[in-house]
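Structure assessment
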There are 2 protein chains.
Amino acid sequence: MKVGILKEPKDEARVAMLPEAVKTLISWGTEVCVESGAGQSAYADDDAYRSTGAEIKQRAEVLTESDMICGIQALPLEEISKMKPDAVLLGQMGALFNPELTKFLLEQKRTAFSMELVPRTTRAQSMDVLSSMATVLGYKATLLAANSLPRFFPMFMTAAGSITPARVLVIGAGVAGLQAIATAKRLGATVFAFDVRQAAKEEVLSIGAKFIDVAGATEDKAAGGYAVEQSADFIQRQKDTIHEHAQKADIIITTAQIPGRKAPLLVEERTVHAMKAGSVIVDLAASSGGNCALTQADQTININGVRIIGVGNLAAELPQDASKMYGKNYLNFLKLIIKDGAINLNFEDDIVLGTCVCHAGEPKNSRIAEMIKQ
Amino acid sequence: MKVGILKEPKDEARVAMLPEAVKTLISWGTEVCVESGAGQSAYADDDAYRSTGAEIKQRAEVLTESDMICGIQALPLEEISKMKPDAVLLGQMGALFNPELTKFLLEQKRTAFSMELVPRTTRAQSMDVLSSMATVLGYKATLLAANSLPRFFPMFMTAAGSITPARVLVIGAGVAGLQAIATAKRLGATVFAFDVRQAAKEEVLSIGAKFIDVAGATEDKAAGGYAVEQSADFIQRQKDTIHEHAQKADIIITTAQIPGRKAPLLVEERTVHAMKAGSVIVDLAASSGGNCALTQADQTININGVRIIGVGNLAAELPQDASKMYGKNYLNFLKLIIKDGAINLNFEDDIVLGTCVCHAGEPKNSRIAEMIKQ
């Protein structure tokens, strides 16, 4: 069997697999062909892929010759049509929120896996691209904030006087939030964090940040560790608490997302107006509506000296390590569907079943099946 | 007496004194007038200055009414002409390398102090703007590098595999270099440093970096802690050592400067070509010719995936804390020349004498006097 790696679209600097991952894949007895230039923006050139034993090909050849295609961004429908009928397509295609693509895959009787569907279980952790990319997002969010702030992060006692540490408020302490906290702590800031999940409190405290409590949050163990929607009363108290803390903050990093829904609005317009000139908001939820009322996706705006950075595809701004982690996630997943150098789909495996959008004209993931029924 | 604070030129975001410094100055019995908008790009508005008791005026009024003007960048000659005949001008005017300005000041019988001339003595340390700004430069250089690198700085052990720490090479371990090292260490990188001064070795080791030795450097105690020019033989061994280490580095930060001379060339063209794609060079000596052969001042260039950032006025990119430190340096210096709310120039004081460009038609600083003789 032949695995194909395509060059991602122009605004995506990552690649699904760097040469080191391709080398492992080849050691399993598969052939690999890579589109010329696929690794360029992640600083891996064609020669690096060639040296692993992979073939470098033109895009059309990779599309038509591969038995499996591993990518990140969703492929255009007309390119999916060019794939071999039995070829397996893998990517982070957002199938749950892309009915057009999902219906096309079903109609074409394609076999497709969408990596964001990987179940939130312990066994699947090593394949979880949302989690590995959240590590990248949290780290980059703090670096962006530090680079934009007109002040130092660490405390200084110098001959030219003392500098107090920057004060950072992180909203949402999932993987991205915890990494943002850890990076801000490393740089010497004083860090406060807020999350609706009590489980997050211990983690926040363990990495040296202060936890902001708002009593009465709704929790749901079935949400796989994710936050769930909250009552109107709780949300208002939450906004008030954030409003109060925001006035003392130099930086706010917001990371609160609810899978499949618009991001919760946590930083109100009045809060932005109450913040100090020079302070910075980095909104990691910008693409799903933003945690801040004034966020504009993919833009940095300035409201009376408060800059709001609505980040776009931030994982692509750390392309080398983000691609490395992505490739590792892929290898861990491919172990489940490649046996002795051939594709082997065992839908008895909850990870294989849960990650599969469709196969042989049938939806496989249960939420995809529900979406199709509607 | 009235002290005037002007708005700096467009590409300078700092201001000589923030409102907190102005407040102290007023408590000494002086009046202060501030050009409208002077603090804007350092996030201090006119109202903040007004609340200290300062007057907000138009530029022409500040120029013509002040008995002393404190600035950062050199003033245009036609503006100096508008000042009161006896007014004292302070700034970081680079008088030693600006003969046109210096001669004009002498001809006009102006009293001028240039803050980069502050002697390198223990007593003068709290007035040393080169040192305080070097702290800013070192911090920002590492942040710039971290933000540009396609990899993480810290080590990670995640479900998606291990990430090794970034490897940073800092060339020149003065104030800027040490701060760059400290910031890179904070962010979790493995840091190597190189300096021609053996005194730097202990400091490098004490903040947890590894020191790269090249035997046979020339040192001069009279250089006030600065590096001096080296022999051709030593320079070649130095370049070879840097070449060898550069190939393993993800980041090189160069900070080597010799006061009043072109920056030493330490990273050769062959070294850039031998570096890994994705690596980043931040050249803090860009404005004095650069430590890297390919550096272009105020530009980022890409040589086969190695990016070389030739930084411009980096201190201006941390305008709030840089202005805070600048103002503190100014207050410490002004204590020497303001007594009981009036200007009082005591040229018996080595700091007052050494910092003074000229007074009553005579050069005061000894190097300025020498320059004028030539």
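Here's what I pulled together on the structure shown here. Per chain, residues are indexed from 1 in the order of the written sequence. Think of it this way: whatever chain is written first is A, whatever ligand is written first is 1, and the rest follow in order. Confidence filtering applies because this is a predicted model: local features only for residues at pLDDT of at least 70, side-chain atom pairs given and counted only at 80 or more, and all residues used for totals across whole chains, interfaces and linings. Values shown for side chains rest on all heavy atoms present in the structure; no hydrogens or waters enter the calculation.

Focus: the sheet that holds strand β13 (residues 280-283) of chain B
All names here are of chain B. Threshold: By definition, two strands form a pair when at least two bridges between them are found by DSSP. Comment: elements are numbered from the N terminus, with helices defined as DSSP H or I runs of at least four residues and strands as E runs of at least two. Fitted lines through C-alpha atoms give the axes, limited to the stretch in contact for helices. The angle between two N-to-C directions lies from 0 to 180 degrees. Residues are treated as being in contact if the distance between any of their heavy atoms lies within 4.5 Å.
Reading across from one edge, β11-β10-β9-β12-β13-β15-β14 is the order of the seven strands in this open sheet, with mixed pairing throughout. Strands with a single pairing partner mark the edges of an open sheet, and in this sheet they are β11 (210-212) and β14 (300-303). Strand after strand, the sheet turns through a mean of 20° between neighbouring axes, direction not considered. Sheet analysis places strand β10 (residues 190-194) next to β11, joined by three bridges and oriented parallel. Each residue of the ladder has a partner; that of Phe192, found in β11, is Lys210. Contacts from helix α9 (residues 232-246) reach β9 (167-171), β10, β11 and β12 (251-254), with the element oriented near 160° to β9.

Some words on the nonpolar core
Note the following rule: Remark: nonpolar core denotes a set of buried residues (Ala, Val, Leu, Ile, Met, Phe, Trp, Tyr, Cys) joined through side-chain atoms within 4.5 Å. Partly exposed describes any residue whose relative accessible area lies between the buried limit of under 20% and the exposed limit of over 50%, with all areas from a 1.4 Å probe on protein chains only and scaled to the type maximum.
Core analysis: the largest hydrophobic core is formed by 167 residues, its most contacted members being A:Leu90, A:Phe153, B:Leu90 and B:Phe153. When residues no more than four places from it in sequence are discounted, the contact partners of A:Phe153 are A:Thr142, A:Ala146, A:Pro165, A:Ala166, A:Val168, A:Ala184, A:Leu187, A:Gly188, A:Ala189, A:Ile251 and B:Tyr139.

As for the packing of helix α1 (residues 19-27) of chain A against helix α11 (residues 319-337) of chain A
Residue and element names in this part refer to chain A. Applicable threshold: The labels follow the angle: roughly parallel below 35 degrees, roughly antiparallel above 145, roughly perpendicular from 65 to 115, and oblique for the rest. By definition, turning the near helix anticlockwise from the far helix through less than a right angle yields a left-handed crossing, and turning it clockwise yields a right-handed one. Following the grouping adopted for this structure description, the nonpolar residues are Ala, Val, Leu, Ile, Met, Phe, Trp, Tyr, Cys and Pro, the charged ones are Asp, Glu, Lys and Arg, and the polar ones are all others, Gly among them.
Put simply, α1 and α11 touch, their axes get as near as 9 Å, and they point 15° apart. In this view, α1 runs roughly parallel relative to α11, as classed from their interaxial angle. Between α1 and α11 lies a crossing whose hand is right-handed. Along the contact surface, α1 presents Glu20, Ala21, Thr24 and Leu25, while α11 presents Lys324, Gly327, Leu331 and Leu334. For the contact of α1 with α11, the class distribution of residues is four nonpolar, two polar and two charged.

Concerning the side chain of B:Ser114
All names here are of chain B. Here is the rule we go by: As used in this structure description, the phrase polar contact means that two N or O atoms lie within 3.5 Å; if the pair is within protein, one of them must be able to donate a hydrogen and the other to accept it, and residues adjacent in sequence are counted only when both atoms belong to side chains.
Take Ser114: it is sitting in strand β6 (residues 111-114). In this structure Ser114 comes out as buried when scored by relative accessible area, which is 0%. From its side chain, Ser114 meets the backbone nitrogen of Met93 in a polar contact 3.1 Å long. Here Glu116 takes part through its side chain, which lies 2.8 Å from a polar atom of the side chain of Ser114. In contact with Ser114, not counting residues within four places along its chain, are Gly91, Gln92, Met93, Gly94, Ala95, Thr355 and Val357.

A look at the interface of chain B and chain A
In many reports, interface size means the accessible area that the parts give up when they come together. Here is the rule we go by: Here's the idea: put two parts together, see how much 1.4 Å probe accessible area each one loses, and the total over both is what we call buried area. Salt bridge, as applied in this entry: a Lys or Arg side-chain nitrogen positioned within 4 Å of an Asp or Glu carboxyl oxygen.
Counting residues at the interface gives 44 residues for chain B and 44 residues for chain A. Interface area lost by chain B to chain A is led by B:Tyr43, B:Phe152 and B:Arg186, which between them contribute 18%. In this structure, the connection of chain B to chain A is made through two salt bridges. Put simply, B:Arg151 and A:Asp321 hold a salt bridge, and the shortest N to O gap is 3.5 Å. Secondary structure elements with two or more residues in the side of chain B that touches chain A: α6 (129-148), β7 (156-158), β8 (161-163), α7 (175-186) and α11 (319-337) of chain B.

Observations regarding the pairing of strand β15 (residues 306-310) of chain A
Regular strands place their side chains on alternate faces of the sheet. Residues and elements named next belong to chain A. For β15, a buried count of five out of five residues is recorded, marking the element as mostly surrounded by other parts of the structure. Across the two faces of β15 the burial is the same, with Val306, Ile308 and Gly310 and Arg307 and Ile309 all buried. Bridging between strand β14 (residues 300-303) and β15 involves four bridges; their strand directions are antiparallel. Within the sheet, the bridge partner assigned to Thr300 lies in β15 and is Ile309. Counting the residues in the hairpin turn of β14 and β15 gives two residues, including Asn304, whose phi is positive at 50°.

Brief notes about helix α9 (residues 232-246) of chain A
All names here are of chain A. So the rule is basically this: For a helix, the expected span equals 1.5 Å multiplied by the residue count minus one.
With 15 residues, α9 ought to run about 21 Å at 1.5 Å a step, and its terminal C-alpha atoms sit 21 Å apart, in line with that. Taken together, the buried positions of α9 are occupied by Phe234, Gln238, Lys239, Thr241, Ile242, His243, His245 and Ala246. For α9, the elements touching its buried residues are β9 (167-171), β10 (190-194), β11 (210-212), β12 (251-254) and α10 (269-274).

Comments concerning the pattern of salt bridges
Residue and element names in this part refer to chain B. Throughout the structure, instances matching the rule amount to 40 salt bridges over all chains. With its nearest N and O atoms 2.7 Å apart, the salt bridge here joins Arg59 to Glu79. In this pair, Arg59 is assigned in helix α3 (residues 59-65) and Glu79 in helix α4 (residues 77-81), connecting sequence segments 20 residues apart. Judged by relative accessible area, Arg59 falls into the partly exposed class, the value being 23%. Judged by its relative accessible area of 12%, Glu79 falls in the buried class. We note a salt bridge from Asp213 to Lys201, for which the minimum N-O separation is 2.8 Å. With a gap of 12 residues between them, Asp213 in the loop between β11 and α9 and Lys201 in helix α8 (residues 198-206) connect regions that are remote in the sequence. Here Lys201 falls in the partly exposed class, since its relative accessible area comes to 26%.

Topic: the relation of the copies chain B and chain A
Spelled out, the test is: A least-squares superposition brings the copies together, and it is based on the C-alpha atoms of residues with pLDDT no lower than 70 in both.
Aligned on chain A, chain B shows an RMSD of 0.0 Å; the corresponding rotation is 180° and the shift along the axis is 0.0 Å. Overall, the copies show the geometry of a two-fold rotation axis. Measuring from the rotation axis to each C-alpha of chain B, the shortest distance belongs to B:Arg186, at 2.7 Å. The residues that chain B uses at the interface reappear at the interface of chain A in 100% of cases, marking a shared surface.

Observations concerning the sheet that holds strand β5 (residues 88-91) of chain A
Residue and element names in this part refer to chain A. An order of β3-β2-β1-β4-β5-β6-β18-β19 is seen for the eight strands of this open sheet, with the pairing classed as mixed. Taken across any chain shown, the strands that pair with only one partner, and hence form the sheet edges, are β3 (55-57) and β19 (362-363). Both strand β2 (residues 31-35) and β3 contribute to a ladder of three bridges, which runs parallel. Bridge pairing in β3 links Cys33 to Glu55.

Section: the packing of helix α6 (residues 129-148) of chain A against α11(A)
Residues and elements named next belong to chain A. Two elements in contact, α6 and α11, have axes whose closest approach is 10 Å; the angle formed by their N-to-C orientations is 165°. Our classification of the angle between α6 and α11 gives roughly antiparallel. Read as a crossing pair, α6 and α11 show a hand that is right-handed. Contacts from Val129, Ser132, Met133, Thr135 and Val136 in α6 reach Ala322, Met325, Tyr326 and Asn329 in α11. Of the residues assigned to the contact of α6 with α11, the class counts are six nonpolar, three polar and no charged.

Structural notes on the side chain of B:Lys140
Note the following rule: Charge assignment in this entry is limited to Lys and Arg as positive and Asp and Glu as negative, and neither His nor the chain termini are counted.
For B:Lys140, the location among the structural elements is in helix α6. Although B:Lys140 is buried, it forms no salt bridge, and the closest oppositely charged side chain is B:Glu317 at an N-O distance of 4.7 Å. Among residues more than four places away in sequence, those in contact with B:Lys140 are A:Asn147, B:Leu314, B:Glu317 and B:Leu318.

Looking at the environment of B:Ala182
Here B:Ala182 lies in helix α7. Between the alpha carbons of B:Ala182 and B:Leu90 there is a distance of 32 Å; along the sequence they are 92 residues apart.

Some remarks on the pairing of strand β1 (residues 2-5) of chain A
All names here are of chain A. This is how it is decided: The definition of a right-handed crossover adopted here requires that, viewed with the strands pointing away, the path from the first strand over the helix to the second runs clockwise.
Residues of β1 alternate between two faces, with Lys2 and Gly4 on one and Val3 and Ile5 on the opposite face, all of them buried. Note: β1 against β2, four bridges, orientation parallel. From the neighbouring strand, Val3 faces β2, where its bridge partner is Val32. Handedness of the crossover is the feature at issue here: the chain leaves β1, passes through α1, returns alongside β2, and the resulting connection is right-handed. For β1 and strand β4 (residues 68-70), the ladder comprises three bridges, and the chain directions are parallel. Bridged to Ile5 within β4 is Cys70.

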